[in-house]
Amino acid sequence: GSPRYYTYGTPFFNYGLIPQTWEDPELCHNGACGDNDPLDVMEIGSSPLPMGAVVPVKVLGSLELIDEGETDHKIIAIRTDDPDAYRINDMSSLEYAKPGITEKLIDWLKMYKTSDGKGVNELAQEYPTTKSEAISIIEECHQRWEVLKSGSSSSHGFYLGH
């Protein structure tokens, strides 16, 4: 894909995706359906990663963005080799190590499109999920990807190599 550029402030996290996951547009919760993309990840480590870097992370929690009527989960994680990774294991330890970061993540997700003239984004809830809930979301989206890959789900325009 192409680089994405954001005009709302300076990102204080690395933005990427979790491979082999898929937010199925046929799976709907509270009127919002999956966004037909892999799960997004916001890696909150202490330094930028090179574009395209593949790194192991510890899952901490997630936020559920409702983006133009679609569910767009944002997995919050820290890379395992980050100097703070030993003391950050979930959202509460993240907040202890980096006070105010949860509020900053929520603000950024709600506001990042406003600088492009769009409205404020919604979140399904105003607080992050637990680590175990985030892992369940990843597992569910991986299972959905497996079904997509097997061909037993409509491909929604993806070339799957078979």
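This is a predicted model, so every value here is computed, not measured.

Draft legend 1. Spatial organisation of the packing of aromatic side chains. All chains considered together, the criterion is met by four aromatic pairs. Seen from their ring centres, Phe13 and Tyr15 are 6.3 Å apart, and the 55 degrees between their planes marks the pair as tilted. Overall, Phe13 belongs to the buried group, its relative accessible area being 9%. Taking the centre distance of 4.9 Å and the plane angle of 85 degrees together, the rings of Phe13 and Trp108 count as edge-to-face. Of this pair, Phe13 sits in the segment before strand E1 (14–18) while Trp108 sits in helix H2 (residues 101–111), placing them 95 residues apart in sequence. With respect to burial, Phe13 and Trp108 carry one shared label: buried.

Draft legend 2. Quick look at the pattern of salt bridges. Scanning the entire structure with this criterion turns up 12 salt bridges. Taking the shortest distance from any N to any O, the salt bridge between Asp67 and Lys113 comes out at 2.6 Å. In this pair, Asp67 sits in strand E5 (residues 57–67) while Lys113 sits in the loop between H2 and strand E7 (122–123), placing the two residues 46 residues apart along the sequence. By relative accessible area, which is 12% here, Asp67 ends up buried. Between Glu126 and Lys110 there is a salt bridge, and its shortest N-O distance comes to 2.7 Å. With Glu126 in the loop between E7 and helix H3 (131–150) and Lys110 in helix H2, the pair connects residues that are 16 residues apart, well separated along the chain.

Draft legend 3. Up close: the layout of surface pockets. Approximately 1,400 Å³ is the volume found for the largest pocket. Around the largest pocket sit 40 residues that line it, and Asn14, Tyr15, Gly16, Leu17 and Val41 are the ones nearest its centre. For the lining of the largest pocket, the secondary structure elements donating two or more residues are E1, strand E4 (39–43), E5 and strand E6 (70–79). The leading source of residues in the lining of the largest pocket is E1, at five residues. When the residues that make up the lining of the largest pocket are grouped by side-chain class, the tally is 22 nonpolar, eight polar and 10 charged. Of the pockets and cavities examined, the second largest pocket occupies roughly 280 Å³. If you go around the second largest pocket, you meet 18 residues; those closest to its centre are His29, Glu64, Thr71, His73 and Ile137. Elements represented by at least two residues in the lining of the second largest pocket include exactly E5, E6 and H3. Per-element accounting of the lining of the second largest pocket gives the leading share, five residues, to H3.

Cut-offs and rules
- Residues numbered from 1 in each chain as written.
- Predicted model: local features only at pLDDT ≥ 70, side-chain atom pairs only at ≥ 80, totals over all residues.
- Heavy atoms only, no water.
- Phe/Tyr/Trp six-rings, centres within 6.5 Å; stacked < 30°, edge-to-face > 60°.
- Buried < 20%, exposed > 50% of the residue type's maximum accessible area, 1.4 Å probe, protein only.
- Helix = DSSP H or I, 4+ residues; strand = E, 2+ residues; numbered from the N terminus.
- Salt bridge = Lys/Arg side-chain N within 4 Å of Asp/Glu carboxyl O.
- 1 Å grid on protein atoms, 1.4 Å probe; cavity = no way out; pocket = protein on both sides within 12 Å on 5 of 7 lines; lining within 4 Å.
- Points joined across faces, edges and corners; volume = space filled by probe spheres on them.
- Nonpolar A, V, L, I, M, F, W, Y, C, P; charged D, E, K, R; others polar.

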